[in-house]
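One letter stands for each residue in the lines below.
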Amino acid sequence: MSTEPALMSLVSVAKAIAAKKLSSHEVTRSCLHRIAEWQPRLNAFMAIESEAALKAADAADAALAKGDKRGALHGVPLAHKDMYYEAGKVVTCGSLIRRDFVATTTSTALQRLKDAGTVRLGSLQMVEFAYGPTGHNVHYGAVHNPWHVDHITGGSSSGSGSAVAARLTFAALGSDTGGSIRMPAHFCGVTGLKTTVGRVSRAGAMPLSQSLDTVGPLAQTVEDCALLLGLMAGADPEDPTASTLPVPDYMEATKGSIKGLRIGVPTAFYVDDLDPEVARILDETIAVLKKEGAEIVQVELPDQRQLTAACQLVLATEAAALHKRWMIERPQDYGPQVLMRLQNGLAIPGVSYLEAMRWRGPALAAYLAAVAGTDAVLAPVAPVPAPTIAESDVGNSDGAEAVIQRLTRFTRPVNYLGLPSLSIPSGFTKSGLPVGMQLIGRSFDEAMLLRIGAAFQRVTDFHQRIPELK
């Protein structure tokens, strides 16, 4: 056990509190100490609620002393992306428009974690209205990467990736509409799970795109993500799009061997124009999976560029529809890049949007036919490690979309198809920047991804490495 509780994994610290080897107060104070050290460098938190967190931790300890254990995460302090509504709390959604918005309800995903016993540390920074892949925010400042503070975290779950990497919180909810969980996981060196559309309720989470939005966790380990998914997944009367399918035992899935599994590696697109160090780490990841007994096979996928374009079209149209009133009434309150992207969505013809929606079924069928006989597909999350904040600050320039498209080209096809994808820390560049790989699965088969990812983490230590405060 680490001498600093905040450095433990979510699963480990939850067990230590339950066994009374550590108190919730000790653990919460450890997190708050790290937050005080790191926050001035990272800008990862939107709000820090130290006094309330310690009071809640003391209450959790008192309850446990009486034999009253609330759930699997009793007394564990967490912070989440500032787009999950919690009754009575300000939820800014990273925006100026909602900087004073007080939620009257609590999101289902957040409530299920609260019911499991968690303690609230505060809320985490994010890209304005979750619409951007870098981590820039003109209203509240960019979030910084703890490995190299002049580099981006990725977005839109920027605070979640940064805070988990620096061990300020054991895990954090993010959201993934075009890559917003997987990119911060990749750029910050943590584990991130984009769930199947409908696997976790979206009720009470700020919407961006009604057909693409997904809720999922970022955490230190695959096992941590499995625990969180098991607590959050399942039907919800508040969200008719939430699946009624049974929730598997995800923790059990993490114990399985990958011997004999077939993992596909694309022959094109996901392996094109890679940064040399990303290409090296992909090869090294393949070698580890082979050594653990998986069979690596090449797969020829349908043209993924079309899926990326279709995803962008659907996202832009649905986001513009959600924001139309504010764009008319309060355009000056948006950051220029977010406003530009939203306005682009207004120019898309309805016919084009409907064509993109109608094509999703055939596109999914074609993809599944191409990967038939495999258990998952392995690919980079992005073609490059984290660029610097300065070089990715494109503002309202004509080059903004080109930068965004490059960063999200490997994530958006998965969103368009509605499939699950697990980003795992897979190596580091020579300059010390983390690189992640994603495992792409079939609908509602998160268990398979967790099984493969956990096996990889049993024999590697990339997920255990911790950035140093410089």
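Residues numbered from 1 in each chain as written. Predicted model: local features only at pLDDT ≥ 70, side-chain atom pairs only at ≥ 80, totals over all residues. Heavy atoms only, no water.

Our next topic: the overall build of the protein chain. From N to C terminus, the protein chain includes 16 helices and 11 strands. A compact globule built from 470 residues would reach a C-alpha radius of gyration of about 23 Å, and the protein chain, at 21 Å, matches this within 12%. The principal-axis extent of the C-alpha atoms belonging to the protein chain is close to 60 × 60 × 45 Å. Taken over 470 residues, the protein chain has a buried fraction of 62%. (Helix = DSSP H or I, 4+ residues; strand = E, 2+ residues; numbered from the N terminus. Rg over C-alpha atoms; globule rule 2.2 N^0.38 Å. Buried < 20%, exposed > 50% of the residue type's maximum accessible area, 1.4 Å probe, protein only.)

Overall, the prediction assigns the protein chain a mean pLDDT of 96, with 98% of residues at 70 or greater. Taking the mean pLDDT of every element in the protein chain, the minimum, 79, falls on helix α14 (residues 400–408) and the maximum, 99, on helix α7 (residues 222–232). (pLDDT = per-residue confidence, 0-100.)

The three strands lie next to each other as β1-β3-β2, forming an open sheet whose pairing is mixed. The open sheet terminates on both sides in strands that have one partner only, identified here as β1 (45–48) and β2 (77–81). Neighbour-to-neighbour, the strand axes of this sheet turn through a mean angle of 35°, independent of strand direction. Examined bridge by bridge, β1 and strand β3 (residues 119–124) share three bridges and lie antiparallel to one another. (Pairing = 2+ DSSP bridges. Axes fitted to C-alpha atoms, helices over the stretch in contact; angles between N-to-C directions.)

Quick look at the environment of I286 now. Tracing the backbone through its elements, the reader meets I286 in helix α9 (residues 276–291). Sequence separation of I286 and A379 is 93 residues, and the distance between their C-alpha atoms is 9.9 Å.

Spatially, eight strands are ordered β4-β6-β5-β10-β11-β9-β7-β8 in an open sheet, and the strand pairing comes out mixed. The open sheet is flanked by β4 (171–175) and β8 (295–299), the only strands paired with a single partner. With direction set aside, neighbouring strand axes in the sheet form an average angle of 30°. For strand β5 (residues 191–194) and strand β6 (residues 215–219), the ladder comprises two bridges, and the chain directions are antiparallel. Each bridged residue has a counterpart across the sheet, and for T191 the counterpart in β6 is A219.

Between G155 and the following residue, S156, the backbone shows a cis peptide bond with an omega angle of 5°. Mapped onto the fold, S156 is located in the loop between β3 and α5 (158–165). One non-glycine residue, N43, adopts positive backbone phi at about 60°. Its location among the elements puts N43 in the loop between α2 (24–42) and β1. Backbone geometry at D273 places phi at a positive 55°, although glycine is not the residue there. Of note, D273 is situated in the loop between β7 (262–266) and α9.

The subject of this paragraph is the environment of Y140. You can see Y140 is positioned in the loop between β3 and α5. On the basis of relative accessible area, Y140 is assigned to the partly exposed category, the value being 25%. When the C-alpha atoms of Y140 and Q125 are compared, they prove to be 8.1 Å apart, with 15 residues separating the residues in sequence. For Y140, the side chain forms a polar contact with the main-chain oxygen of S95, separated by 2.8 Å. (Polar contact = N/O pair within 3.5 Å; in protein donor to acceptor, adjacent residues only side chain to side chain.)

A few words now on the pairing of β2. Where burial is concerned, most of β2 is hidden: five out of the five residues are buried. Note that β2 and β3 share five bridges and pair parallel. Bridge pairing in β3 links L78 to R120. Each parallel crossover has a hand, and the one from β2 via helix α4 (residues 108–115) to β3 is right-handed. (Right-handed = clockwise from strand over helix to strand, strands pointing away.)

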